[in-house]
Amino acid sequence: MPSTPYDRIDRAILEHLQRHGRTANVDLAEAVRLSPSSCLRRTKALEADGVISGYRAELDRDAVGLGLTVFIALRVEQHSRETSRHIEEKLCAIPAVVACHVVSGEADFLVEVAVPDLAAYEQVLLDDILAIGPVRDARSTFAIRTIRSRGPLPLDRWPTAARGR
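Below or above, wherever it landed, is the structure these notes cover.

Cut-offs applied
Residues numbered from 1 in each chain as written. Predicted model: local features only at pLDDT ≥ 70, side-chain atom pairs only at ≥ 80, totals over all residues. Heavy atoms only, no water. Phe/Tyr/Trp six-rings, centres within 6.5 Å; stacked < 30°, edge-to-face > 60°. Helix = DSSP H or I, 4+ residues; strand = E, 2+ residues; numbered from the N terminus. Buried < 20%, exposed > 50% of the residue type's maximum accessible area, 1.4 Å probe, protein only. Axes fitted to C-alpha atoms, helices over the stretch in contact; angles between N-to-C directions. Parallel < 35°, antiparallel > 145°, perpendicular 65-115°, else oblique. Contact = heavy atoms within 4.5 Å. Nonpolar A, V, L, I, M, F, W, Y, C, P; charged D, E, K, R; others polar. Expected span 1.5 Å × (residues − 1). Pairing = 2+ DSSP bridges.

1. A few points about the packing of aromatic side chains
How two aromatic rings sit relative to each other is set out by the distance from centre to centre and by the angle between their planes.
Moving on, step 1. By the definition in use, this model includes 2 aromatic pairs.
Moving on, step 2. For the pair Tyr6 and Trp158, a centre-to-centre distance of 4.7 Å together with 20° between the ring planes defines the contact as stacked. Placement of Tyr6 in the segment before helix 1 (8-19) and of Trp158 in the segment after strand 4 (135-142) is noted, with a sequence separation of 152 residues between them. Of the two residues, Tyr6 and Trp158, neither departs from the other in class, the shared state being buried.
Moving on, step 3. With a centroid separation of 5.5 Å and 80° between ring planes, the pair formed by Tyr121 and Phe142 is classed as edge-to-face. Residue Tyr121 is located in helix 5 (residues 118-129), and its partner Phe142 is located in strand 4; the two are separated by 21 residues in the primary sequence.

In structure tokens:
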């Protein structure tokens, strides 16, 4: 956790970058009404603090041949930190797994998989996911249509205070 609080300009930088990740620093500075050098310094500080965790291109799944999205609720046996780490490691090694969450409720993990079709999903499920020892049950939910896959995070409640940067 950073020792210096963030301010409204930091929030503006983050909001802009979430929507326009390829923005050049000069354009970002203009959008948030800062000099380019001040904007770059703040952006680098947000990166160093871990608030900005990376940049990437968001791809259209259909365009790259991954038109089937499946959410899999996994139940496991032998609940322990070691078991959880083992399952997490195995799931992260499966290329089709695009997101994975430890959850509460009836399931222990919620896994999102992107595959070309049902045959590919069957292979991932049987050969990879169900082959993970402690996994005892998998319940699949198929996405019919994606409305919003990854929107910008709402920052209206993000703690900010004046800071001298």
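2. Points about the packing of helix 1 against helix 3 (residues 36-48)
Moving on, step 1. Interaxial distance between helix 1 and helix 3 falls to 10 Å at its minimum, and their mutual angle equals 80°. For the element pair helix 1 / helix 3, the angle class is roughly perpendicular. Facing Ile9, Asp10, Ile13, Leu14 and Leu17 of helix 1, the residues of helix 3 in contact are Cys39, Arg42, Thr43 and Leu46.
Moving on, step 2. Taken together, the residues of the contact of helix 1 with helix 3 sort by class into 6 nonpolar, 1 polar and 2 charged.

3. Digging into unusual backbone geometry
Comment: phi is negative for the bulk of residues other than glycine, and the bulk of peptide bonds are trans.
Moving on, step 1. Within the chain, Arg33 stands out as a residue other than glycine whose phi angle is a positive 60°.
Moving on, step 2. The phi dihedral of Gln78 falls on the positive side, at around 60°, and the residue is not glycine.
Moving on, step 3. With respect to the helices, strands and loops of the structure, Gln78 is situated in the loop between strand 1 (68-76) and helix 4 (81-92).
Moving on, step 4. When its relative accessible area of 54% is taken as the criterion, Gln78 is described as exposed.

4. Here we look at helix 3
Moving on, step 1. Its 13 residues give helix 3 an end-to-end C-alpha distance of 18 Å, which sits within 8% of 18 Å, the value for a rise of 1.5 Å per residue.
Moving on, step 2. On the buried face of helix 3, the contacting elements are helix 1 and helix 2 (25-32).
Moving on, step 3. After helix 3 finishes, the residue Gly50 shows a positive phi value of roughly 85°.

5. Here's the deal with the pairing of strand 1
Moving on, step 1. In the sheet, strand 1 pairs with strand 3 (residues 109-115) via 7 bridges, with the strands oriented antiparallel. Residue Leu74 lies in a different strand from strand 3, and its bridge partner there is Phe109.
Moving on, step 2. Bridging between strand 1 and strand 4 involves 7 bridges; their strand directions are antiparallel. The residue of strand 4 that forms the bridge with Phe71 is Thr141.

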